[in-house]
Amino acid sequence: MRWALENSVAGSVIGCVTLVLAVGTVVSFTCPLWWWLLPAEYAVNPGLYRVDSWPAAAVTPLVGLVYLSLYLALVPRSALWHSRLAHRTLLQRGDHGLLARITQITASRDDALEVHRTELQRIERDLHDGTQNRLVAVRVHLGLLERILAEDPERAWGLLETTKDAADEALRELRHVVRSIYPPLLADRGLASAVSSLAARCALPCSVEADGLGRAPVAVETAAYFVVAEALTNVHKHSNGSQASVILTKTAGSVLVRVTDDGHGGADEHAGSGLAGLRRRVASVEGTLNISSPADGPTTVEARFPCAY
Amino acid sequence: MRVLIAEDDVLLRQGLSLLLEVEGFEMVGAAQDAETFLELFDRHRPDTAVIDVRLPPNFSDEGLRAAAEIRRRVPNMPVLVLSAHVDHEYAGELLGSGTNGVGYLLKDRVGEVSDFVEALTRVARGGVALDPEVVDQLIGGRPAGDPLGSLTDREHQVLDLMAQGHDNAGICSLLGLSTPAVSKHIGAIFGKLGLSGPGNGHRRVQAVLTYLRK
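Residues numbered from 1 in each chain as written. Chains lettered and ligands numbered in written order. Predicted model: local features only at pLDDT ≥ 70, side-chain atom pairs only at ≥ 80, totals over all residues. Heavy atoms only, no water.

> Before we move on, could you go through the domain arrangement of chain A and cite the residues and values that matter?
Residues and elements named next belong to chain A. Examined at the domain level, chain A breaks down into domain 1 (2-92), domain 2 (105-181) and domain 3 (189-306). Look at where the C-alpha atoms of domain 2 and domain 3 centre, and you get two points 29 Å apart. On the domain 3 side, the residues contacting the 10 residues of domain 2 number seven residues. Viewed at the interface, domain 3 and domain 2 are joined by one salt bridge. Here glutamate 119 ties to arginine 281 by a salt bridge, and the two come within 3.5 Å at their closest N and O atoms. Here domain 2 is connected to domain 3 by zero residue pairs in polar contact (both at pLDDT 80 or more). Put simply, the parts of the chain that give the side of domain 2 that touches domain 3 at least two residues each are α3 (98-148) and α4 (153-181). For the side of domain 2 that touches domain 3, the leading source of residues is α3, giving seven residues. Counted by class, the side of domain 2 that touches domain 3 contains four nonpolar, two polar and four charged residues. (Domains from an automatic or database assignment. Contact = heavy atoms within 4.5 Å. Salt bridge = Lys/Arg side-chain N within 4 Å of Asp/Glu carboxyl O. Polar contact = N/O pair within 3.5 Å; in protein donor to acceptor, adjacent residues only side chain to side chain. Helix = DSSP H or I, 4+ residues; strand = E, 2+ residues; numbered from the N terminus. Nonpolar A, V, L, I, M, F, W, Y, C, P; charged D, E, K, R; others polar.)

This is the structure in structure tokens:
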């Protein structure tokens with residue numbers, strides 16, 4: 001607002017001065033060539049006098065020199081001053097400033113790329129060390145079965161069972177990996193459903209409140225989902241608590257996710273990579289993460305995501 | 001029994017058709033998408049249908065919607081839905097159209113042929129076949145003080161099987177228990193959960209599912 005006002009006033013003044021000086025210079029230098037073409041009542045007046053005779057016209061190039069030197073002296077300087085003024089006004093606006101915004105976006109982009117990289121690495125590891133190995137085992141067992149089926153049917157039956165178990169294990173792991181990449185329920189039914197499914201799979205009793213949540217942008221839903229997933233895993237693994245509660249609310253312009261347990265507290269963000277990774281994931285969509293975990297509990301993990309894009 | 005299937009993957013479609021034929025079912029058709037499935041359904045009016053949840057064109061929940069659609073056209077039409085992942089939310093949507101003749105299983109279960117055939121037969125006769133993973137979700141994550149917490153381990157096993165849709169005879173053979181023993185456990189479960197009299201097999205399954213979905 002302030003910039004709009006300053007810029008329009010300064011811009012108009014500087015623009016007018018520049019235009020007057022430019023036109024003055026051209027008119028003064030050239031008027032000896034054409035002043036006599038004009039009727040006397042329309043005679044030009046580039047300086048302090050009317051050009052209505054040859055002597056007057058002969059002096060105008062001198063006036064032109066004055067215009068030209070004023071132009072050269074003033075125009076570049078005022079342009080520079082104008083740009084500095086705009087720069088200063090735009091940059092001195094704290095959190096709302098353009099510079100601050102760019103810094104913020106750069107940081108969240110870096111977070112997003114980092115989250116992306118670690119995720120790809122984890123998925124590669126899970127598929128490579130888990131699922132792929134299981135399928136190799138299935139294939140090896142099938143090869144073996146082919147060899148011994150005729151000679152030793154008794155042993156073949158046993159091997160068949162092992163092969164089926166290996167295939168089942170591969171499928172179980174694959175489902176787990178798929179859910180950890182992007183839970184199908186999240187895509188089909190949204191955050192509230194996906195979180196209630198997480199709660200149902202949780203080893204501890206877990207209540208979910210998600211009234212009137214509706215759908216949020218995919219990036220926000222995904223990040224919010226993983227906040228709940230990670231927080232519930234931590235409750236189960238580290239908090240020694242007996243139950244957890246998840247609250248999802250949508251307020252004007254933001255989605256709030258809160259996971260609370262009844263455990264012993266004292267969660268340390270710097271001890272493991274879980275919470276730090278979570279903070280990065282939240283930051284990648286410009287959300288904020290607050291973790292409150294006093295020594296005697298309980299632990300509350302709260303994430304707020306702006307979603308008025 | 002005349003069966004219609006909907007599965008987009010060629011290999012799986014052929015495998016499933018072959019398996020069902022070998023097991024004595026009459027295959028009336030095998031569709032690769034929901035639209036074809038509904039056409040074939042109207043043309044053949046099968047006794048039961050087996051549908052994959054994810055079908056072309058969007059591969060989200062077309063199969064689930066096709067299942068709901070045929071149950072709208074023919075109330076209580078037996079349908080078994082297969083999925084690469086299962087969730088109690090989808091199960092709830094399926095059961096929302098009535099607990100008669102509804103099945104919802106992980107695709108992996110097809111590999112255990114006799115169990116799969118038994119489940120499909122149960123669904124075709126108006127029963128229920130819910131995947132154990134769905135039942136785990138329905139039973140797990142309950143708050144402290146829930147009556148479910150007071151069940152013994154054995155009663156939990158019986159409840160699991162009931163929620164999966166098994167009748168008394170099925171529970172007896174799966175757990176290796178006698179009929180009176182199973183009846184006793186069922187009576188105890190119903191008492192602890194505050195459900196009304198056991199009734200017959202399907203009514204019991206309904207009562208248990210209604211309780212678990214609360």
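> Break down the pairing of strand β4 (residues 79-83) of chain B for me, with residues and values.
Residues and elements named next belong to chain B. A large share of β4 lies buried, amounting to five of its five residues. Burial of the side chains of β4 extends over both faces: Val79, Val81 and Ser83 are buried on one face and Leu80 and Leu82 on the other. Across four bridges, strand β3 (residues 48-52) lies against β4 in parallel orientation. Looking at β4, one finds that alanine 49 is bridged to valine 79. Handedness of the β3-helix α3 (residues 62-73)-β4 crossover: right-handed. Across five bridges, β4 lies against strand β5 (residues 102-106) in parallel orientation. Bridge pairing links serine 83 to leucine 106 in β5. Considered for its hand, the β-α-β crossover made up of β4, helix α4 (residues 88-95) and β5 is right-handed. (Buried < 20%, exposed > 50% of the residue type's maximum accessible area, 1.4 Å probe, protein only. Pairing = 2+ DSSP bridges. Right-handed = clockwise from strand over helix to strand, strands pointing away.)

> Any details on the interface of chain B and chain A? Residues and values, ideally.
On the chain A side, the residues contacting the 23 residues of chain B number 18 residues. Summed over both partners, the interface of chain B with chain A comes to about 1,600 Å²; 40% of that surface belongs to carbon and sulfur atoms. In this structure, the connection of chain B to chain A is made through seven salt bridges. A salt bridge links Lys164(A) to Glu112(B), with the shortest nitrogen-to-oxygen separation between them at 3.3 Å. Along the contact surface separating chain B from chain A lie nine residue pairs in polar contact (both at pLDDT 80 or more). Broken down by secondary-structure element, the contributors of at least two residues to the side of chain B that touches chain A are α4 and α6 (132-139) of chain B. Per-class residue counts for the side of chain B that touches chain A are seven nonpolar, six polar and 10 charged. (Buried area = accessible area lost by both parts, 1.4 Å probe.)

> Give me the lowdown on unusual backbone geometry, citing residues and values where you can.
Residue Pro56(B) is joined to Pro57(B) through a cis peptide bond whose omega torsion reads 5°. In this structure, Pro57(B) sits in the loop between β3 and α3. Unlike most non-glycine residues, Asn240(A) shows phi in positive territory, near 65°. The residue Asn240(A) is located in the loop between α7 (218-239) and β2 (244-251) in this model. At Phe59(B), a residue that is not glycine, the phi angle is positive and equals roughly 50°. Relative to the helices and strands, Phe59(B) is located in the loop between β3 and α3.

> Tell me about the domain arrangement of chain B, residues and numbers included.
Residues and elements named next belong to chain B. As assigned here, chain B comprises domain 1 (2-131) and domain 2 (140-212). Spacing between the C-alpha centres of domain 1 and domain 2 amounts to 26 Å. Between domain 1 and domain 2, the contact holds 10 residues from the first and eight residues from the second. For the pair domain 1 and domain 2, the summed buried surface comes to about 660 Å²; carbon and sulfur atoms form 54% of the total.

> Which residues make up the side chain of Thr299(A), and what are the values?
Along the chain, Thr299(A) falls in the loop between β4 (288-292) and β5 (300-306). Ignoring sequence-local partners within four residues, the contact set of Thr299(A) consists of Val259(A), Thr260(A), Asp261(A), Gly265(A), Ala267(A), Ser292(A) and Ser293(A).

> Describe the packing of aromatic side chains, listing the residues and the values that go with them.
Residue and element names in this part refer to chain A. Using the criterion set out here, one finds two aromatic pairs over all chains in the structure. Aromatic pair tyrosine 225 and phenylalanine 226: ring centres 5.2 Å apart, planes at 90°, arrangement edge-to-face. Positioned over the ring face of phenylalanine 226 is arginine 281, at 4.1 Å from the centre of the ring. (Phe/Tyr/Trp six-rings, centres within 6.5 Å; stacked < 30°, edge-to-face > 60°. Lys NZ or Arg CZ within 6 Å of the ring centre and 35° of its normal.)

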